Each structure stands twice: as structure tokens, then as C-alpha cells.
Amino acid sequence: MTAPAPGPHTPGTPADPPRGEAPGTAARGTTPAAVWRRSRGVLICLGILLVGAVALAALGSGSRHGRLDPRSADPDGSRAVAELLQARGVTTRVVTSAREAAAAAGPGTTLLVTDPDRLGDTQRRAIRSAIDLSGGRTVLLAPGSVSLPGLAPATRTKGDALDENLDPGCALPAATTAGRATTGGGHRYTGGAASAACYPSGGHPTLLVLPSGTTGGDTVLLGSETLLLNKKLASEGNASLALQLLGSRPDLVWYLPSLTEVQDEDPAQEKGFLELVPRGWGWALLQLFVAAALAALWRARRLGPLVTEKLPVAIRASETTEGRARLYRKAGARDRAATVLRAAARERLAALVGVPPTQAHEPAALVPAVSARLTAGHQDLTVLLFGTTPADDAALVALADHLDALEREVRTS
């Protein structure tokens, strides 16, 4: 079914591929090997970034646990005070739920709640039950107006302490021994039948000791958690005050509320997904996004006009045409071949008879203009230019011959 190789004016000739482009080049460009060659640079860069991120996360996972975590050696962790307590025989146990904290509290324990305002109603009731029944000590770090009504109903906040380092101002042995400490910078308190009110700022204490309903038990309200941080423990009398407040019993239950211990049980106030993602992962994802964008710009198609490339081998356009014809024949695509031949012929005829290119494929515009250039008795132009698919290969070759003859007649008329 191979159509004859048309010359420069043969009708129906498809647009010539770029000079030097062999048949099948486009097909070879989409093979797995070609795709791998084009994308391996990007994949290698992404792989290196991923391995680096995993390695950094693995190296830092043993020491980075978060703020006020007794396992964390970060500046905002509390590993230093935990190790000092351990050296004095105090056992520290980390729990992450209010139920565990309440179950572990007892006469010989100190229960430290690191973020009371984060707790919901159910968690606050569990901690309040432990305060009333355990007979031990409960230390609340920076409780505010959200948690005080449930954990220490008789007290309330009285603004913030502007000065961080304050003098004891009371007779509590732990405060007088420690001296000046970093208890300011957070809440001040008022109200309640406190047995000790220490480290005042503007007339209101930043440390309150409240007796509990069980003999021997008490509750400590500490307006700021700063003195327990690794970066501040060595300042002023922070270490002494922390050891005496947390080391009065042989066991310390360190309660770190988990992400599920939200401030309120109202679903409208729950944190969204992005708020729960750790801060470090956000920076890592941003870096990966920037790297991917730079790689895309690096590998993207360049803007601007096409540049002719000198190829080592020149392939004649006739060979390309013959190669395409063989592909049509192998696929039995007489419909496609006839469509290409007729479309090319209509475009050339439209240019010869003065029909606009936009109307070259409209029978009502093209056929009368071509007929006006022909002698009488010519075959039906509508069938020739807009007809159906040839029935066999011989009919397809005949179609090419008729189109070629029609164009020659119009050109010489």
C-alpha cells in the first residue's frame, strides 16, 4: 500500500519531518531507558535529600524530645534537673496521659504537670482527684485561667510578672535556701488559703503552696516553668529550688500531656493537621519543595526560539516520507493515509484559487473555486476532496494520482 514518493508538488504529501530526524525517533524518546536518562539527575538529588533527612532525624531522635521533657538535652529540655534528681535518689517516670498520672500518684510521689492549660475537662478531673486523694505533692507549672478553676478553685491569676528573677519574700524553707530564682516572667496568683506565698512581683506571689484535703499532701503553683529548663537551671538559685520542690518525695511522676490532651473537648477548638506537625518537619518539607522546584527549572524546556542543530547524518525528506508510508501500510491505516493526502491537497488548492486557509476544508467554499478553474466534464470534486476511505490499496494509490492530476490542472489553468 506504499504511496509513491511525492516530489515537491505532489498532493497529499504530509508535512516533512525536520531534516535529519529518522523515522521512529519520537517513539525511541519515550522508552524506559530514555526516560531514565532524562530524569536520573532529579531522582538522584531527591534520593540524597531523603537519605539526609532520615539520617538527621535518626541522629537527633535520641536526645530531642521537646520542651520540658526530662529526656531532652536541648536548651528547652529538662534533662539536667532529672539527672540531678536521680543523683539524689529520686526516680523520674514520664507519663503522657492524665489516667496514667493519676494512677501513679501516691503519698510518696511528686506529680509534675507541665502544661495544665492544655488539658480538657476529663483530664483536669483526673488530676484533681489525684490532688485530693493521693496525699503526695502536685506541682502545676504555669497554670492559667483555663485550668485553675478545675485544679485550684480558690485561686486565680493576677496578671504577669514582668521581672524574671525575684527574691523569695517568704519563710518557705525551699525558697529561703534557694534564694533569688527565675520564677517571674509568667503568671502571678491571688486568693486561696495558701500555706506559703513566695517570690512576689508587684505584691502578688509567683509561687503558691496550697494544702490538699489529704494529710501530708500539698499543691504547688509555679507561675513560670523557666527555672526547670536546661538553659536556666544554673542561673540564680534555680537548681536548688527545683530540687527541693520536685525532690521532696522518692518518686517523681513527670506528666507531659500528649497531642490528644487538648485544651478543650469542643471539636471546634481542636488543632488542625498542620498545627500538629512538628516544626522541624515543616522546614524539611519546605526545603524538599524548593529543591524540587530548582530541579524542575534546571530540567525544564528552555524558552525562546528553536535553534537549528547540525546533525552528523542528513536524511532526505523522501526517505522520511517513504518510512511514514510503510508505517501506514503496516498498520492498514488507509483512512489515515487518505485523510492526510486530501487535507494536504485541499490546503495547496486553496492557496492556488485564492480561498482563505481557514476555509480550505469547507466544501461550500473550496469546491466552487476549484471548479471555476477547470474545464467542463471533470469528475466530482466533492467526492475526490472530501470522499470516503478507499476500499483497498489500489484505490488509495488511484486517489493519490487523481489528487496530483487535479493540482497540476489547477496550477496550469
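Note that the structure is predicted; figures quoted are calculated from it, not measured.

Chemist: So, the overall build of the protein chain: which residues are in play, and what are the values?
Modeler: A count of helices and strands for the protein chain gives 15 helices and eleven strands. Across the 413 residues in the protein chain, those meeting the buried criterion constitute 38%. Here the analysis covers contacts within the protein chain between residues at least 6 apart in sequence; of these, 69% occur between residues at least 24 apart. Working note: accessible area of the protein chain is about 23000 Å², and carbon and sulfur atoms make up 58% of it.

Chemist: Mind laying out unusual backbone geometry, listing which residues take part and the relevant values?
Modeler: Phi is positive for Leu68, close to 60°, though the residue is something other than glycine. Among the secondary structure elements, Leu68 is positioned in the loop between helix 2 (32–60) and helix 3 (79–87). Given a relative accessible area of 5%, Leu68 falls into the buried group. For Glu236, which is not glycine, the phi torsion reads 50° and is therefore positive. Within the secondary structure, Glu236 is located in the loop between strand 10 (218–222) and helix 8 (238–246).

Chemist: Let's hear about the packing of helix 12 (residues 334–353) against helix 13 (residues 363–371): which residues, and what values?
Modeler: At their nearest, the axes of helix 12 and helix 13 sit 10 Å apart, and the two run at 60° to each other. In terms of orientation, helix 12 lies oblique with respect to helix 13. The hand of the helix 12/helix 13 crossing is left-handed. From helix 12, Arg346, Leu349, Ala350 and Val353 reach across to helix 13, where they touch Leu366, Ala369 and Val370. Partitioning the contact of helix 12 with helix 13 into residue classes produces six nonpolar, no polar and one charged.

Chemist: Residues and numbers for the nonpolar core, please.
Modeler: Membership of the largest hydrophobic core comes to 33 residues, with the highest contact counts inside it found for Leu172, Tyr199, Leu207 and Leu241. Put simply, the parts of the chain that give this core at least two residues each are helix 3, strand 3 (137–141), helix 7 (173–178), strand 8 (196–201), strand 9 (204–211), strand 10, helix 8 and strand 11 (251–255). Looking at which element gives the most residues to this core, the answer is helix 8, with five residues. Every residue in contact with Leu172, bar those within four places of it in the chain, is listed here: Ala196, Cys198, Leu207 and Val209.

Chemist: If you had to explain the confidence of the model for the protein chain to someone new, which residues and values would you point to?
Modeler: Looking at the protein chain, pLDDT values average 82 and 83% of them are 70 or higher. Ignoring residues within four places in sequence, the model shows residues 1–29, a span with pLDDT below 50, making 56 contacts including any to other chains.

Chemist: An account of a nonpolar patch on the surface is requested, with residue identities and associated values reported.
Modeler: On the surface, Trp283, Leu286, Phe289, Val290, Leu294 and Leu297 cluster together into a nonpolar patch covering about 700 Å² of accessible area. Structurally, Trp283 can be placed in helix 10 (residues 279–299).

Chemist: Account for helix 12, naming residues and giving values.
Modeler: Compared with the 28 Å implied by 1.5 Å per residue over 20 residues, the 28 Å span of helix 12 between its first and last C-alpha is a close match. Immediately beyond the C-terminal end of helix 12, within one or two residues, lies Gly354, with a positive phi of roughly 80°.

Chemist: Go over the sheet that holds strand 8 with me, naming the residues and quoting the values.
Modeler: Ordered by their spatial adjacency, seven strands build an open sheet running 1-11-2-3-10-9-8, and the pairing between neighbours is mixed. Single-partner strands in this sheet number two, and they are strand 1 (91–95) and strand 8. Strand after strand, the sheet turns through a mean of 15° between neighbouring axes, direction not considered. Sheet topology note: the strand 2 (residues 109–113)/strand 3 ladder contains four bridges and is parallel. For Leu112, the partnering residue across the bridge sits in strand 3 and is Val139.

Chemist: Which residues make up the packing of helix 12 against helix 15 (residues 393–412), and what are the values?
Modeler: Between helix 12 and helix 15, the least distance of the axes is 10 Å, while the angle of their chain directions is 5°. In terms of their interaxial angle, helix 12 and helix 15 are classed as roughly parallel. Contacts from Arg334, Ala337, Ala338, Leu341, Arg342, Ala345, Arg348, Leu349, Leu352 and Val353 of helix 12 reach helix 15 at Asp393, Leu396, Leu399, Ala400, Leu403, Leu406, Glu407, Val410 and Arg411. Of the residues assigned to the contact of helix 12 with helix 15, the class counts are 13 nonpolar, no polar and six charged.

Chemist: Please give an account of the state of the cysteines that cites residues and values.
Modeler: Counting across every chain of the model gives one disulfide. Sulfur-sulfur distance for the disulfide between Cys170 and Cys198 comes to 1.9 Å. Looking down the S-S bond of the Cys170 and Cys198 bridge, the torsion is 95°, so its handedness is right-handed. Here Cys198 lies in strand 8 and Cys170 lies in the loop between strand 5 (165–166) and helix 7, a separation of 28 residues in the sequence. No difference in accessibility class separates Cys170 from Cys198, as the two residues are buried.

Chemist: Give a detailed account of the pairing of strand 8, specifying residues and quantitative values.
Modeler: Side chains on a regular strand alternate between the two faces of the sheet. Pairing of strand 8 with strand 9, which is carried by five bridges, proceeds in the antiparallel orientation. Looking at strand 9, one finds that Ala196 is bridged to Val209. Following strand 8, the chain reverses through two residues before pairing antiparallel with strand 9; Gly202 in that reversal takes a positive phi of roughly 65°.

Chemist: Break down a positive patch on the surface for me, with residues and values.
Modeler: Residues Arg37, Arg38, Arg40 and Arg299 make up a contiguous surface patch of positive charge. At three residues, helix 2 tops the list of elements feeding residues into the positive patch.

Chemist: So what's going on with the side chain of Thr182? Which residues, and what values?
Modeler: Assignment of secondary structure puts Thr182 in strand 6 (residues 181–182). A distance of 2.7 Å separates polar atoms of two side chains, one belonging to Thr182 and the other to Asn165. Every residue in contact with Thr182, bar those within four places of it in the chain, is listed here: Glu164, Asn165, Thr226, Leu227, Glu236 and Asn238.

Reading the values: the criteria
- Residues numbered from 1 in each chain as written.
- Predicted model: local features only at pLDDT ≥ 70, side-chain atom pairs only at ≥ 80, totals over all residues.
- Heavy atoms only, no water.
- Helix = DSSP H or I, 4+ residues; strand = E, 2+ residues; numbered from the N terminus.
- Buried < 20%, exposed > 50% of the residue type's maximum accessible area, 1.4 Å probe, protein only.
- Contact = heavy atoms within 4.5 Å.
- Areas by Shrake-Rupley, 256 points an atom, 1.4 Å probe, with all protein chains shown as cover.
- Axes fitted to C-alpha atoms, helices over the stretch in contact; angles between N-to-C directions.
- Parallel < 35°, antiparallel > 145°, perpendicular 65-115°, else oblique.
- Left-handed = near helix turned anticlockwise from the far one by under 90°.
- Nonpolar A, V, L, I, M, F, W, Y, C, P; charged D, E, K, R; others polar.
- Core = buried A, V, L, I, M, F, W, Y, C linked by side-chain atoms within 4.5 Å.
- pLDDT = per-residue confidence, 0-100.
- Patch = residues over 30% accessible without salt bridge, like charges linked within 9 Å, V, L, I, M, F, W, Y side chains within 5 Å.
- Salt bridge = Lys/Arg side-chain N within 4 Å of Asp/Glu carboxyl O.
- Expected span 1.5 Å × (residues − 1).
- Pairing = 2+ DSSP bridges.
- Disulfide = S-S within 2.5 Å.
- Lys, Arg positive; Asp, Glu negative; His and termini not counted.
- Charge placed at Lys NZ, Arg CZ, Asp CG, Glu CD.
- Polar contact = N/O pair within 3.5 Å; in protein donor to acceptor, adjacent residues only side chain to side chain.

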